Amino acid sequence: MRPASLSGERRKWWTLAAVAFGLFMIMLDNTVVNVALPSIQRDLDAGLPELQWIVTGYALTFAALMLIGGKAADAFGRRRVFVLGIAVFTLASLWCGLADSGGTLIAARVVQGAGAALMNPATLSIIAATFPPRQRGTAIGIWAGVSALALAIGPLVGGLLTEHLSWHWIFWVNVPVGALGIAATYFFVDESRDETHERLDVPGLLTSGLGLFALTYGLIEANTYGWTSARIVASFAVAVVALAAFLVLERTQRAPMLPLELFRSGTYTGANVVVLLVALAMFGVFFFVSLYMQNILGYSAVQAGAAFLPMTVLIILVAPVAGRASDRRGSRWLMTAGMILLAVQLLTFSQLGPDASYAELLPAMLIGGLGMALTMTPSAAAATRSVPVDKAGVGSAVLNAFRQVGGSLGVALIGAIMAAEAGGRRTREAFMDGFETSLLVAAAIALAGALVAFAFVRAHDREGETGAAQQPELAA
């Protein structure tokens, strides 16, 4: 049964609500696990590499399959693929909650990531197909606000469920939510697809997935086996060869998974690189900030989650405003300012000591909330304005894949820096040494993102012209 009585204008917003509902669930699982990590570590007797894989296994599969998810949504129907993704994600969440070992939980998280990869690109392409250009920035602002809210509120939700129930419930709560999401999607979302789609790029999927896995494996396991060990050197070599082969394949394939012609737009290129860099800088930081608050400052899981609330509130309030501002004035200056603020946040975090009070944490939380909202929403708006609607699925998939790649590599990179600085020591002082160094590296990455935004993202009027000028070419 469909709500046929809804007007076209009202139905658009109900469509947005339905896809945002599913989006919230999958983005929540990027960060809901973080504050539960100490409990998972104790319950499953997991080491630091296993904890990293619990986080990166989800993010990496999410990233590796995202482009295929976008192509599948365009080819077989965006609503159909979105619903399939919710079903896979929901069943995998049940499996996560039932896991009784670190290896089982990692495997279930990988399947969760596959479901998320089917869902996520479909959300943005459904929005692009539903809303006209004059309203798209506002709709994307709400979409990005929901995404950022889920990322930011994840620690609090994880803390509450872990402390008052158990860590298993951070996954089990997805089961009834997923069932509601499927019903809402069938009720409010119309089917749409790209009629020009040809075929799925399996060689591209295999080479990109192998390359990303090998790179992440090398970063996470390097301090266990040694940076110059045959295993780690081989891992990095496989990553280089596989990713190079992926780029060669994408240049020669008739229907590539990653259409390289999209990157002829400086705005699209800049938006993707900025999204990758912000995730590279921030995902690993939040992983270790959660450990810092609980293992060093002595916070409970709920206290650690609640500590992120000021950032959450700012993201909720500012993200839709940033979306509307990007419609009127473009994304360039918003993204540049946002990345600078994130660098300031990371530098502020780096000055914290082992006995820091919450009053010392709070300024960084506020600065980071504003920076995230100013960066993520305008980045998504700029990217979607730079591609034609019939390529919205793959265009949004690329953007989200860049974010997830940055996130998975960020956890691995920051973890590698932490481990290298600790030098095998398991003391508060060793943790703080690694924490400070990794934050300074992350701040440098955020500043690089500000430079990319300023150099590549075009002013508003030229941005629109670029996307329009490229549309026939990209659709070919």
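Residues numbered from 1 in each chain as written. Predicted model: local features only at pLDDT ≥ 70, side-chain atom pairs only at ≥ 80, totals over all residues. Heavy atoms only, no water.

Lay out the overall build of the protein chain with the relevant residues and their values.
Looking only at helices and strands, one finds 18 helices and 0 strands in the protein chain. Counting across all 476 residues of the protein chain, residues that qualify as buried make up 60%. Look at the contacts in the protein chain between residues 6 or more apart in sequence, and 85% of them connect residues 24 or more apart. As displayed, the protein chain has an accessible area near 17500 Å², and 67% of this comes from carbon and sulfur atoms. (Helix = DSSP H or I, 4+ residues; strand = E, 2+ residues; numbered from the N terminus. Buried < 20%, exposed > 50% of the residue type's maximum accessible area, 1.4 Å probe, protein only. Contact = heavy atoms within 4.5 Å. Areas by Shrake-Rupley, 256 points an atom, 1.4 Å probe, with all protein chains shown as cover.)

Pulling in residues and values, what's your account of the packing of aromatic side chains?
All told, the structure shown has 5 aromatic pairs when counted by the stated rule. Ring plane angle 85 degrees and centroid distance 6.3 Å describe the contact between Trp167 and Phe171, whose orientation is recorded as edge-to-face. Take Trp167 and Phe171: they sit in the same class, and that class is buried. (Phe/Tyr/Trp six-rings, centres within 6.5 Å; stacked < 30°, edge-to-face > 60°.)

Could you give an account of helix H2 (residues 37-44), naming the residues involved and the relevant values?
For H2, the set of buried residues is Leu37, Pro38, Ser39, Ile40 and Leu44. Positioned one or two residues after H2, Asp45 has a phi angle of 55 degrees, which is positive.

Which residues make up the packing of helix H13 (residues 309-329) against helix H15 (residues 358-385), and what values do they have?
Helix-helix packing: each pair is described by the crossing angle between the helix axes and the interaxial distance. For the pair H13 and H15, interaxial distance at closest approach is 8 Å and the crossing angle is 30 degrees. Accordingly, the angle class assigned to the pair H13 and H15 is roughly parallel. The handedness of the crossing between H13 and H15 is right-handed. Its residues assigned to classes, the contact of H13 with H15 shows 17 nonpolar, 5 polar and 2 charged. (Axes fitted to C-alpha atoms, helices over the stretch in contact; angles between N-to-C directions. Parallel < 35°, antiparallel > 145°, perpendicular 65-115°, else oblique. Left-handed = near helix turned anticlockwise from the far one by under 90°. Nonpolar A, V, L, I, M, F, W, Y, C, P; charged D, E, K, R; others polar.)

Could you give an account of helix H10 (residues 230-252), with specific residues and numbers?
For H10, which comprises 23 residues, the first-to-last C-alpha distance of 33 Å matches the rise-based estimate of 33 Å (1.5 Å per residue) to within 8%. Of all the residues in H10, the buried ones are Ile232, Ser235, Ala239, Ala242, Phe246 and Glu250. (Expected span 1.5 Å × (residues − 1).)

Residue-level account of the side chain of Thr162, with values.
As for its placement among the helices and strands, Thr162 is situated in helix H6 (residues 133-164). Excluding residues that lie within four positions of it along the chain, Thr162 makes contacts with Ala36, Ser39, Trp167, Ile170 and Ala301.

Provide a residue-level description of the environment of Ala129, including the pertinent values.
Position of Ala129 among the secondary structure elements: in helix H5 (residues 102-130). In this structure the C-alpha to C-alpha distance between Ala129 and Glu191, which are 62 residues apart in sequence, comes to 9.9 Å.

If you had to explain the packing of helix H4 (residues 78-98) against helix H8 (residues 174-188) to someone new, which residues and values would you point to?
At their nearest, the axes of H4 and H8 sit 9 Å apart, and the two run at 170 degrees to each other. Classed by the angle they form, the pair H4 and H8 counts as roughly antiparallel. Residues Arg79, Phe82, Val83, Ile86, Ala87, Phe89, Thr90, Ser93 and Leu94 of H4 pack against Asn174, Val175, Gly178, Gly181, Ile182, Thr185 and Tyr186 of H8. Classifying every residue of the contact of H4 with H8 gives 9 nonpolar, 6 polar and 1 charged.

Explain the environment of Arg78 to me, using residue names and the numbers behind them.
With respect to the element layout, Arg78 can be found in helix H4. Since its relative accessible area comes to 3%, Arg78 is described here as buried. Once the C-alpha coordinates of Arg78 and Glu191 are considered, the two residues, 113 residues apart in sequence, prove to be 6.3 Å apart.

Please give an account of the nonpolar core that cites residues and values.
Counting 129 residues, the largest nonpolar core has Tyr292 and Met293 as the members making the most contacts within it. Val318, Ala325, Ala373 and Leu374 belong to the second largest nonpolar core, which has 7 residues in total. (Core = buried A, V, L, I, M, F, W, Y, C linked by side-chain atoms within 4.5 Å.)

Hey, could you go over a nonpolar patch on the surface for me, with residue numbers and the actual values?
Together, Val313, Ile316 and Leu317 give the surface a local cluster of nonpolar side chains, amounting to about 260 Å² of exposed area. By secondary structure assignment, the location of Ile316 is in helix H13. (Patch = residues over 30% accessible without salt bridge, like charges linked within 9 Å, V, L, I, M, F, W, Y side chains within 5 Å. Salt bridge = Lys/Arg side-chain N within 4 Å of Asp/Glu carboxyl O.)

So what's going on with the confidence of the model for the protein chain? Residues and values would help.
Caution is warranted with low-pLDDT regions, since their predicted coordinates should not be read in detail. Residues with a pLDDT of 70 or more make up 85% of the protein chain, whose mean pLDDT is 77. Confidence drops under pLDDT 50 across residues 461-476; counting only partners more than four residues distant or on other chains, this segment forms 24 contacts. (pLDDT = per-residue confidence, 0-100.)

Hey, could you go over the side chain of Thr207 for me, with residue numbers and the actual values?
Relative to the helices and strands, Thr207 resides in helix H9 (residues 202-225). There is a polar contact of 2.9 Å between the side chain of Thr207 and the backbone oxygen of Pro203. Residues within four places of Thr207 in sequence aside, it is in contact with Ala242, Ala245, Phe246 and Leu249. (Polar contact = N/O pair within 3.5 Å; in protein donor to acceptor, adjacent residues only side chain to side chain.)

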